Amino acid sequence: MDYPLLNIFWTMLELFLWILWFFLLFKIITDIFRSHDMGGGAKAGWTILVILLPFLGVLIYLIVRGGSMHERDLEQAKQADAAFQDYIRRAAGTGTGPGQGGAAPSASGHVDDLARLAELRNSGALTDEEYQRAKDKLLT
């Protein structure tokens, strides 16, 4: 009851900045360990600096290596996307890239045939009933 409204806003701001600080700290620690252009000693040095002198360490890291953090994020996202696309190709049986194994050629044929049927239905060459009959025949 005796806590003024401006103090509530100030407390909320402090809490927000505290959470933001921890987010930034964890982001930098993740970036340190994900970086392939640094050796183990450099990673250990940066980690010790960021943990022992968090404010100064984070600011120095952002000044020295902050510009390339985005590039490492982008590289990791591309690798994850490529792995996901490869998994989808292998699961669907339509893979043409390396590591395709596991899908039978007949499964690939069924997937291709279903895709062609869907294209024909979308273009208007097949009615919904014809599409359903052809699909049922293909899957049995």
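This report concerns the structure included in the present document. (Residues numbered from 1 in each chain as written. Predicted model: local features only at pLDDT ≥ 70, side-chain atom pairs only at ≥ 80, totals over all residues. Heavy atoms only, no water.)

Notes on the overall build of the protein
So, step 1. A count of helices and strands for the protein gives six helices and zero strands.
So, step 2. Its helices and strands in sequence order give the protein the pattern α-α-α-α-α-α, from N to C terminus.
So, step 3. Relative to its 140 residues, the protein shows a buried fraction of 16%.
So, step 4. Taking the intrachain contacts of the protein between residues at least 6 apart in sequence as the baseline, contacts between residues at least 24 apart amount to 37%. (Helix = DSSP H or I, 4+ residues; strand = E, 2+ residues; numbered from the N terminus. Buried < 20%, exposed > 50% of the residue type's maximum accessible area, 1.4 Å probe, protein only. Contact = heavy atoms within 4.5 Å.)

Re the side chain of Arg 72
So, step 1. Locating Arg 72 in the fold gives a position in helix H4 (residues 69-92).
So, step 2. In this structure, Arg 72 is in contact with Asp 31, Arg 34, Ser 35, Tyr 61 and Arg 65, ignoring residues within four places of it in sequence.

Looking at the environment of Arg 121
So, step 1. With respect to the helices, strands and loops of the structure, Arg 121 is situated in helix H5 (residues 105-123).
So, step 2. Separated by eleven residues in the primary sequence, Arg 121 and Gln 132 place their C-alpha atoms 9.7 Å from one another.
So, step 3. Ignoring any residue separated from it by four or fewer positions in sequence, one finds Arg 121 in contact with Leu 126, Asp 128 and Tyr 131.

Details of the pattern of salt bridges
So, step 1. Counted according to the given criterion, the structure contains seven salt bridges.
So, step 2. Close ionic contact of Lys 27 with Asp 73 constitutes a salt bridge, the shortest N to O distance being 3.0 Å. You can see Lys 27 sitting in helix H1 (residues 5-34) and its partner Asp 73 sitting in helix H4, a full 46 residues away along the chain.
So, step 3. Take Lys 27: its relative accessible area is 28%, and that puts it in the partly exposed class.
So, step 4. On the accessibility criterion, Asp 73 (25% relative accessible area) is partly exposed.
So, step 5. Put simply, Arg 34 and Asp 31 hold a salt bridge, and the shortest N to O gap is 3.3 Å. One end of the pair, Arg 34, and the other, Asp 31, are both in helix H1, three residues apart, so they sit about a helical turn from each other. Comparing Arg 34 with Asp 31, the two get one shared label, buried.
So, step 6. Taken together, the shared-partner salt bridges connect Lys 27, Asp 31, Arg 34, Arg 72 and Asp 73 into one network. (Salt bridge = Lys/Arg side-chain N within 4 Å of Asp/Glu carboxyl O.)

Concerning the packing of helix H2 (residues 40-52) against helix H3 (residues 54-65)
So, step 1. Where H2 meets H3, the closest approach of the two axes is 5 Å, and the angle between their N-to-C directions is 135°. By the angle between their directions, the pair H2 and H3 is classed as oblique. Every residue of H3 that contacts H2 at Trp 46, Leu 49, Val 50, Ile 51 and Leu 52 is listed here: Pro 54, Gly 57, Val 58, Ile 60, Tyr 61, Val 64 and Arg 65.
So, step 2. By residue class, the composition of the contact of H2 with H3 is ten nonpolar, one polar and one charged. (Axes fitted to C-alpha atoms, helices over the stretch in contact; angles between N-to-C directions. Parallel < 35°, antiparallel > 145°, perpendicular 65-115°, else oblique. Nonpolar A, V, L, I, M, F, W, Y, C, P; charged D, E, K, R; others polar.)

Regarding a nonpolar patch on the surface
So, step 1. Taken together, Tyr 3, Leu 5, Leu 6, Ile 8, Phe 9 and Met 12 make up a surface patch of nonpolar side chains, about 660 Å² in accessible area.
So, step 2. With respect to the helices, strands and loops of the structure, Leu 6 is situated in helix H1. (Patch = residues over 30% accessible without salt bridge, like charges linked within 9 Å, V, L, I, M, F, W, Y side chains within 5 Å. Areas by Shrake-Rupley, 256 points an atom, 1.4 Å probe, with all protein chains shown as cover.)

Details of the packing of H1 against H4
So, step 1. Between H1 and H4, whose axes approach to 11 Å, the crossing angle comes to 70°. One way to sum up the angle between H1 and H4 is to call them roughly perpendicular. Crossing geometry of H1 relative to H4 is assigned as left-handed. Touching Lys 27, Ile 28, Asp 31 and Arg 34 of H1 are Met 69, Arg 72, Asp 73 and Gln 76, all from H4.
So, step 2. Per-class residue counts for the contact of H1 with H4 are two nonpolar, one polar and five charged. (Left-handed = near helix turned anticlockwise from the far one by under 90°.)

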